[in-house]
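Listed below are the residues making up each chain.
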Amino acid sequence: MTKREEALEYHRQGRPGKIAVVPTKPLTNARDLALAYSPGVAEPCLEIKDTPEKAYEYTAKGNLVAVVTNGTAVLGLGNIGALAGKPVMEGKGNLFKQFADIDVFDLEVGSETPDDVIRFCQLLEPTVGGINLEDIKAPDCFYIEETLRKTMSIPVFHDDQHGTAIISGAALLNALEIIGKDIGEVTVVFSGAGAAAISTAEHYVRLGVKRENILMCDRKGVIHADRPAAEMDPYKARFAVRTERRTLEDAMRGADVFVGLSIAGAVTPEMVASMAPKPIVFALANPVPEILPEEVRAVRDDAIIATGRSDYPNQVNNVLGFPFIFRGALDVRATEINEEMKMAATRALASLAKQDVPDTVAALYGLRDVKFGPEYLIPFPFDHRALLWVAPAVAWAAVASGVAHEFVEIDLYREQLEERLGRARGIMRGLINRAMQQPRRVVFPEGEEPKVIRAASILVDEGIAEPVLLGNRAVIEEEAARMNVSLADVAIDDPAGSGRREEYAHFLWQRRQRKGLSLDQARRQLFNSNYFGSCMVARGDADALVSGVNLHYPETIRPALQVIGAHPRAGIVSGMYMLVFAKHVVFCADTTVNLDPTAEQLAQIGYAASRITRTMGITPRIAMLSYSNFGSVRSPDTEKMARAAQLLRERDPSLVVEGEMQADTALDMRIIERDYPFSALAEAANVLIFPNLGAGNIAYKLLIHLGGATAIGPILVGMRRPVHVLERGADVQDIVNMAAVAVVDAQERSRSGSAAPAGNGQSQTVFSRL
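All figures in this text were calculated on a predicted structure; none of them were measured in a lab.

Observations regarding the pattern of salt bridges
At step 1: Taken as a whole, this structure holds 45 salt bridges when the rule is applied.
At step 2: A salt bridge links Glu47 to Lys54, with the shortest nitrogen-to-oxygen separation between them at 2.7 Å.
At step 3: When its relative accessible area of 30% is taken as the criterion, Glu47 is described as partly exposed.
At step 4: Here Lys54 falls in the partly exposed class, since its relative accessible area comes to 25%.
At step 5: Between Glu134 and Lys92 there is a salt bridge; the shortest N-O distance is 3.3 Å. With Glu134 in the loop between strand S3 (130–133) and helix H7 (140–151) and Lys92 in helix H5 (residues 86–100), the pair connects residues that are 42 residues apart, well separated along the chain.
At step 6: Its relative accessible area of 6% is what places Lys92 among the buried residues.
At step 7: Overlapping salt bridges, with partners in common, bring together Arg149, Arg206, Glu336, Glu339 and Lys342 in one network.

Side note on the nonpolar core
At step 1: Ranked by internal contacts, the top residues of the largest apolar core, which has 98 residues, are Ile131 and Phe282.
At step 2: Judged by nonpolar contacts, the second largest core, of 69 residues, contains Ile476, Met578, Ala740 and Ala742.

Some thoughts on the environment of His384
At step 1: You can see His384 is positioned in the loop between helix H16 (359–363) and helix H17 (385–400).
At step 2: According to the relative accessible area criterion, His384 is partly exposed, its value standing at 23%.

Digging into the sheet that holds strand S7 (residues 221–222)
In a beta sheet, neighbouring strands are held together by backbone hydrogen bonds and run either parallel or antiparallel to one another.
At step 1: Ordered by their spatial adjacency, six strands build an open sheet running S7-S6-S5-S8-S9-S10, and the pairing between neighbours is mixed. What marks the edges here is a single partner per strand, and that holds for S7 and strand S10 (304–307).
At step 2: The pairing of strand S9 (residues 280–283) with S10 spans four bridges and is classified as parallel. Paired with Ala283 across the bridge in S10 is Thr307.
At step 3: Its contacts with the sheet put helix H8 (residues 159–179) on strand S8 (257–260), S9 and S10, and the angle it makes with S9 is roughly 160°.

Here's the deal with the packing of aromatic side chains
At step 1: This structure, assessed with the given rule, holds 13 aromatic pairs.
At step 2: An angle of 45° between the planes, with centres 5.2 Å apart, marks the rings of Tyr376 and Phe380 as tilted. We note that Tyr376, like Phe380, is buried.
At step 3: The structure contains a cluster of three or more aromatic residues connected by ring pairs, namely Phe96, Phe157, Phe322 and Phe326.
At step 4: Positioned above the aromatic ring of Phe322, the side-chain terminus of Lys92 is 3.7 Å from the ring centre.

Thoughts on a nonpolar patch on the surface
At step 1: Together, Leu27, Leu33 and Tyr37 give the surface a local cluster of nonpolar side chains, amounting to about 360 Å² of exposed area.
At step 2: Its location among the elements puts Leu27 in the loop between helix H1 (3–12) and helix H2 (30–36).

Structural notes on the side chain of Thr307
At step 1: Tracing the backbone through its elements, the reader meets Thr307 in strand S10.
At step 2: Setting aside anything within four residues of it in sequence, one finds Thr307 in contact with Ala283, Leu284, Pro293, Tyr312, Pro313, Asn314, Gln315 and Val316.

Examining helix H18 (residues 410–420)
At step 1: Those residues of H18 not exposed but buried are Ile410, Tyr413 and Leu417. Across the axial projection of H18, the buried residues extend over an arc of 55°, all falling on one side.
At step 2: Packing partners of the buried residues in H18 comprise helix H14 (322–331) and H17.

Some words on unusual backbone geometry
At step 1: Put simply, Ser38 and Pro39 share a cis peptide bond, and its omega is 5°.
At step 2: Tracing the backbone through its elements, the reader meets Pro39 in the loop between H2 and helix H3 (42–50).
At step 3: The amide bond that connects Asn286 to the next residue, Pro287, takes the cis arrangement and shows omega of 0°.
At step 4: Mapping Pro287 onto the fold places it in the loop between S9 and helix H13 (293–299).

Some remarks on the pairing of S8
At step 1: Across the two faces of S8 the burial is the same, with Val257 and Val259 and Phe258 and Gly260 all buried.
At step 2: Both strand S5 (residues 188–191) and S8 contribute to a ladder of four bridges, which runs parallel. Looking across to S8, one finds that Phe190 is bridged to Val259.
At step 3: Judged from the four bridges that link them, S8 and S9 form a sheet pairing that is parallel. Each residue of the ladder has a partner; that of Val259, found in S9, is Phe282.

Some remarks on the pairing of S9
At step 1: The side-chain alternation of S9 yields two buried faces, one formed by Ile280 and Phe282 and the other by Val281 and Ala283.
At step 2: A crossover connection joins S9 to the parallel S10 through H13; in handedness this β-α-β unit is right-handed.

Section: helix H15 (residues 339–352)
For an α-helix the count is 3.6 residues per turn, leaving residues at separations of three or four pointing the same way.
At step 1: In this model, H15 (14 residues) spans 20 Å end to end at C-alpha, consistent with the 20 Å of a helix rising 1.5 Å per residue.
At step 2: The element H15 is extensively covered by neighbouring structure, given that ten of its 14 residues are classed as buried.
At step 3: Structurally, H15 contributes buried residues whose contacts are with H7, strand S4 (156–158), H8, helix H9 (195–207), H14 and H17.
At step 4: At the N-terminal end of H15, a side-chain oxygen is found 3.2 Å from the backbone nitrogen of Glu340, two or three residues along, and the residue is Asn338.

As for the confidence of the model for the protein chain
At step 1: Looking at the protein chain, pLDDT values average 91 and 96% of them are 70 or higher.
At step 2: Segment residues 754–770 is flagged for pLDDT under 50; beyond a separation of four residues in sequence, or across chains, it makes 60 contacts in the model.

Section: the sheet that holds strand S1 (residues 64–69)
At step 1: The sheet built from four strands is open, its strands ordered S2-S1-S3-S4 with parallel pairing. Two strands bound the open sheet, and with one partner strand each, they are strand S2 (103–108) and S4. On average, each strand axis in the sheet is tilted by 20° relative to the strand beside it, whichever way the strands run.
At step 2: Direction of pairing for S3 relative to S4: parallel, over a ladder of three bridges. Residue pairing in the sheet places Ile131 in a bridge with Val156 of S4.
At step 3: The sheet contacts of H5 involve S1, S2 and S3, and relative to S2 the element is tilted by about 165°.

Some points on the packing of H14 against H17
At step 1: Orientation of H14 relative to H17, taken along the N-to-C sense of each, is 45°, at an axis distance of 7 Å. Classified by the interaxial angle, the pair formed by H14 and H17 is oblique. Viewed along their axes, H14 and H17 form a crossing whose handedness is right-handed. Each of Phe324, Ile325, Arg327, Gly328 and Ala329 in H14 lies in contact with H17, whose residues at this interface are Ala386, Leu387, Val390, Ala391, Val394 and Ala395.
At step 2: Its residues placed into classes, the contact of H14 with H17 shows nine nonpolar, one polar and one charged.

A short note on the packing of H5 against H14
At step 1: At a minimum axis distance of 9 Å, the contact between H5 and H14 shows a crossing angle of 65°. In terms of orientation, H5 and H14 fall into the roughly perpendicular class. Read as a crossing pair, H5 and H14 show a hand that is right-handed. Judged by residue contacts, Lys92, Leu95, Phe96, Phe99 and Ala100 of H5 engage Phe322, Pro323, Phe324, Phe326 and Arg327 from H14.
At step 2: Residue classes in the contact of H5 with H14 are distributed as eight nonpolar, no polar and two charged.

How each quantity is defined
Residues numbered from 1 in each chain as written. Predicted model: local features only at pLDDT ≥ 70, side-chain atom pairs only at ≥ 80, totals over all residues. Heavy atoms only, no water. Salt bridge = Lys/Arg side-chain N within 4 Å of Asp/Glu carboxyl O. Buried < 20%, exposed > 50% of the residue type's maximum accessible area, 1.4 Å probe, protein only. Helix = DSSP H or I, 4+ residues; strand = E, 2+ residues; numbered from the N terminus. Core = buried A, V, L, I, M, F, W, Y, C linked by side-chain atoms within 4.5 Å. Pairing = 2+ DSSP bridges. Contact = heavy atoms within 4.5 Å. Axes fitted to C-alpha atoms, helices over the stretch in contact; angles between N-to-C directions. Phe/Tyr/Trp six-rings, centres within 6.5 Å; stacked < 30°, edge-to-face > 60°. Lys NZ or Arg CZ within 6 Å of the ring centre and 35° of its normal. Patch = residues over 30% accessible without salt bridge, like charges linked within 9 Å, V, L, I, M, F, W, Y side chains within 5 Å. Areas by Shrake-Rupley, 256 points an atom, 1.4 Å probe, with all protein chains shown as cover. Arc of directions from axis to C-beta. Right-handed = clockwise from strand over helix to strand, strands pointing away. Expected span 1.5 Å × (residues − 1). Polar contact = N/O pair within 3.5 Å; in protein donor to acceptor, adjacent residues only side chain to side chain. pLDDT = per-residue confidence, 0-100. Parallel < 35°, antiparallel > 145°, perpendicular 65-115°, else oblique. Left-handed = near helix turned anticlockwise from the far one by under 90°. Nonpolar A, V, L, I, M, F, W, Y, C, P; charged D, E, K, R; others polar.

Shown next, in the form of structure tokens:
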């Protein structure tokens, strides 16, 4: 399947589109109906009629933003029309919800006349708490926003203009601080003169750059004072300066800062080489920047570089701005988003970048010890702290500048923001980002399965892993052709005819010869791709194995246990699920392997689970679950869990471990605070260890099917090498997610000193954090 077809399938599958309206009140009986609609709904209507401000108390207006476009400048697609722009607007709504818990109506206006868009938005004022203008061509966008800001009493914000300005402004302030240049003295060159470039230049002026020190270039070259007025709109004319320079190449000679908001390849290495010492290069065209960072480094090792891409340091991404700016504006019921609020957002992001980066945030990107400097100018897009810094700064700026109807106490407001939006939403994206830092070889024994083939193509396209498909090459290639999926950079190995068969047969025989396996039987077993793939991992020819799409769990795990085995330090293999809810993540173990583990084994399961949890960038808080709370019921089962908690505390005193305890006690801090104030849990437990396989298996399936959790797993814990088992029937995204987990697992083992098994046919101990 091509990227085009994948994108179409993504939008088409299940319920079409990317957003839905979700009720926030129950409607399950006649009483609810009478309250939600007639006659009960009349009461809030009358209250709002008498006091319009009460609309914020009785309706969703205060948390509702309209994303409005007329489709005249959609991404890089140009004027494709309002209807064709709808998928982008739905995507914008998704980002609002995911990053700031703001509800969105996407509204596509069927007119290219600016006054029509203006009137449409004005008529929306009773409905929404704010308006985000999107993908409207210049110069119409300037006129529309200016008019709406003057005539409406709710925030109006054109993200295409101001988003890049605010985020890159933070990067500029920090870059100048690092190189020791005065913002009032630097010269800045812009490539591009559209809405984003003009707004960014104006923002830089407010930050302290002198207008006369800005050279802006459009398709015709430098915008200069001698250019005919017919070639410039009033917005470009603000940056027409008296200069003899006429081309971008001329403009960049001796410049301190370059800001690219134009097209790929607009800048050559020679242009960068001609810049002033310690140049700042913001090449922000997407998906391919004006010049690639490696091209800059080749000619200027003293440059500070930012791009719009996630695979390079210093990503200037608008998602660091608009969700949090609107969050702050809505929460104080601001009448507008003014320059003070934009400036507050810029300075908040610049300040946040100078703070110590929590390990949990750095881990989302596969990094450690991230420090403020040339490679870290601005926060990461998935840094949850951005909400806690930017929204309060914007809210307070609104209060201070007199455009707020509500006052917020900052510390209390930050606590409310923490409660509003948990950190779970970015977990999987963070794992994928980490995997992309150092992709590893992942072998898929079910290489002929169509879903596996599609997943392998995605893994290559996104740079997550280096997939190896096991199976008949002709079958795999035929299936890929049928689905129109590229197999470029996807390795294929056929166990039936592989050159490694005899080597693996002897290896397997040596591993199992005292378990009744002959050499001929070992050769025959290798026709089973799971045995072949397990040998690949054990011998170091692959870094991880992912299997189970069409197999029952024992069929997948048995070869791995026989060939790879448990890690010497673990002593026991267990299965763990990561369950991702809207606002939190819970790890459950053991859910798939051990029928009735002892206290000692449960302690080991808890320890191994804690290591995996930390690998995911989450601090573990472990609860040994039972039907008893701290000795309230005495039985062998409850005493086993209490003993397991004690053993785990003794093994690693740094861990937060409690138990035995009931599930509701572990997850509800009100019970802890009321009845068990002595508990070590200061927050709800996030690693749940079950007393036996029956309890664990039943619990995780209930949480998935009734609790709405997204499941990632089962993650095999305690194996000598990374092996991860898919749920039977897993879809393509499940496979991609599990491959990312496998890559991160392999990275962590390597980082902590693991070595590939020796090539002598003998298993070698592979030490890891497990």
